[in-house]
Amino acid sequence: MEVNANFTENARNDFHLVVKARQGNQKAYADLMHRYKDSIYFMVLKMVNNKEDANDLTVETFAKAFEKLDKYQPEYAFSTWLFRVATNNCIDFIRKKKLNTQSIHGMMDEDGDEKPLQIKSDGLNPEETSIKKQQTEELKLLIESLPIRYRNLITLRYFDELSYEEIAQQLDLPLGTVKAQLFRARYLLGNIITRHNKDDI
């Protein structure tokens, strides 16, 4: 795998970090994230216009990028590829959000008459409730395999639904540390879930 001759010095440095990360070097992952997390966050924030969503989507972007790192080809700078991953992730998020919200304006039937607004119940039927409960229990079992500090962070964030600030306060940790460790926790959990799903096939 050869580096593009037209790469800037920064792009070359990124490429060398990517090579190290592919070999399992954790510091290389951390360096790449540190280098781009702010610029990714602000780009995402412009697209979704919500700080909490932007934080979560930034974490997701790095998790997805690191998961697909073997697919990165150095004909483009790593930063270009990473921003494309972030953009696609945001577009998916916005599309899903739109599917979950139904406009009450301009809802007409074939004759041009206004249709009564039908709001789908958020309640689950007994079968769905049972499946959801089973999935939650399976997820909790997978989370148990994480190191304790990551396990606690995942529980506080996604089961207790605390904000980053509330977690930082509760654990007496700097906000940046909480975000970085949550990123790592989600990345590890994603790998565990992927392995678990493969084992089930």
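Residues numbered from 1 in each chain as written. Predicted model: local features only at pLDDT ≥ 70, side-chain atom pairs only at ≥ 80, totals over all residues. Heavy atoms only, no water.

Under an unreviewed UniProt entry, the name given to the protein is Sigma-70 family RNA polymerase sigma factor, and the organism recorded is Mucilaginibacter glaciei. As stated in UniProt under Sequence similarities (unreviewed entry), the record for the protein gives "Belongs to the sigma-70 factor family. ECF subfamily." (UniProt positions renumbered as here; feature names shortened; annotations may be inferred.)

(A) Quick look at the overall build of the protein. Scanning the protein from terminus to terminus reveals eight helices and zero strands. Each helix (α) and strand (β) of the protein, taken in turn from the N terminus, gives the series α-α-α-α-α-α-α-α. Residues classed as buried in the protein amount to 32% of the 201 residues present. When contacts within the protein are restricted to residue pairs at least 6 apart in sequence, those whose partners lie at least 24 apart make up 57%. Summed over its atoms, the accessible surface of the protein is roughly 13800 Å², and 50% of this surface lies on carbon and sulfur atoms. (Helix = DSSP H or I, 4+ residues; strand = E, 2+ residues; numbered from the N terminus. Buried < 20%, exposed > 50% of the residue type's maximum accessible area, 1.4 Å probe, protein only. Contact = heavy atoms within 4.5 Å. Areas by Shrake-Rupley, 256 points an atom, 1.4 Å probe, with all protein chains shown as cover.)

(B) Summary view of the nonpolar core. Counting residues in each nonpolar core, the largest one holds 49 residues, and the members touching the most others are V44, F62, F66 and F78. Broken down by secondary-structure element, the contributors of at least two residues to this core are α1 (9-22), α2 (26-48), α3 (51-67), α4 (78-99), α5 (126-143), α6 (148-159), α7 (164-171) and α8 (175-200). The dominant element in this core, judged by the number of residues it contributes, is α2, at 11 residues. When near neighbours in sequence (up to four residues on either side) are disregarded, F78 contacts D14, V18, L32, Y36, L69 and Y72. (Core = buried A, V, L, I, M, F, W, Y, C linked by side-chain atoms within 4.5 Å.)

(C) Expanded view of the packing of α6 against α7. At their nearest, the axes of α6 and α7 sit 10 Å apart, and the two run at 140° to each other. On the basis of the axis angle, α6 is oblique to α7. You can see that α6 and α7 cross each other, and the crossing is right-handed. The segment α6 lies against α7, with L153, L156 and R157 engaging Y164, I167, Q170 and L171. The class makeup of the residues in the contact of α6 with α7 is five nonpolar, one polar and one charged. (Axes fitted to C-alpha atoms, helices over the stretch in contact; angles between N-to-C directions. Parallel < 35°, antiparallel > 145°, perpendicular 65-115°, else oblique. Left-handed = near helix turned anticlockwise from the far one by under 90°. Nonpolar A, V, L, I, M, F, W, Y, C, P; charged D, E, K, R; others polar.)

(D) Fine view of α6. A rise of 1.5 Å per residue sets the reference length of α6, with its 12 residues, at 16 Å; its end C-alpha atoms lie 15 Å apart and thus fit the reference within 8%. Restricting attention to buried positions, one finds in α6 the residues Y150, L153, I154, L156 and R157. Along the axis of α6, the buried residues cluster in a sector spanning 170°; they form a single face. Count one or two residues on from α6 and you reach E161, which has phi positive near 55°. (Expected span 1.5 Å × (residues − 1). Arc of directions from axis to C-beta.)

(E) Summary view of the confidence of the model for the protein. Averaged over every residue, the pLDDT of the protein is 77; the share at 70 or more is 73%. Within the protein, the lowest mean pLDDT, 66, falls on α5, and the highest, 90, falls on α1. With pLDDT under 50 throughout, residues 100-122 is counted as low confidence; its partners more than four residues away or in other chains account for 11 contacts. (pLDDT = per-residue confidence, 0-100.)

(F) Just the pattern of salt bridges, in detail. Within this structure, the stated rule accounts for six salt bridges. Here K27 and D31 are joined by a salt bridge, their closest N and O atoms 3.0 Å apart. In this pair, K27 and D31 both sit in helix α2, four residues apart, roughly one turn of the helix. A residue is classified by how much of its surface remains accessible, and K27, at 57% relative accessible area, is exposed. Residue classification places D31 among the partly exposed positions, given a relative accessible area of 27%. Here R157 ties to D56 by a salt bridge, and the two come within 2.9 Å at their closest N and O atoms. (Salt bridge = Lys/Arg side-chain N within 4 Å of Asp/Glu carboxyl O.)

(G) A look at a positive patch on the surface. Among the surface-exposed residues, K64, K68, K71 and K96 lie close enough to one another that they form a single positively charged patch. For K64, the position within the fold is in helix α3. The partly exposed category is assigned to K64, whose relative accessible area is 31%. (Patch = residues over 30% accessible without salt bridge, like charges linked within 9 Å, V, L, I, M, F, W, Y side chains within 5 Å. Lys, Arg positive; Asp, Glu negative; His and termini not counted. Charge placed at Lys NZ, Arg CZ, Asp CG, Glu CD.)

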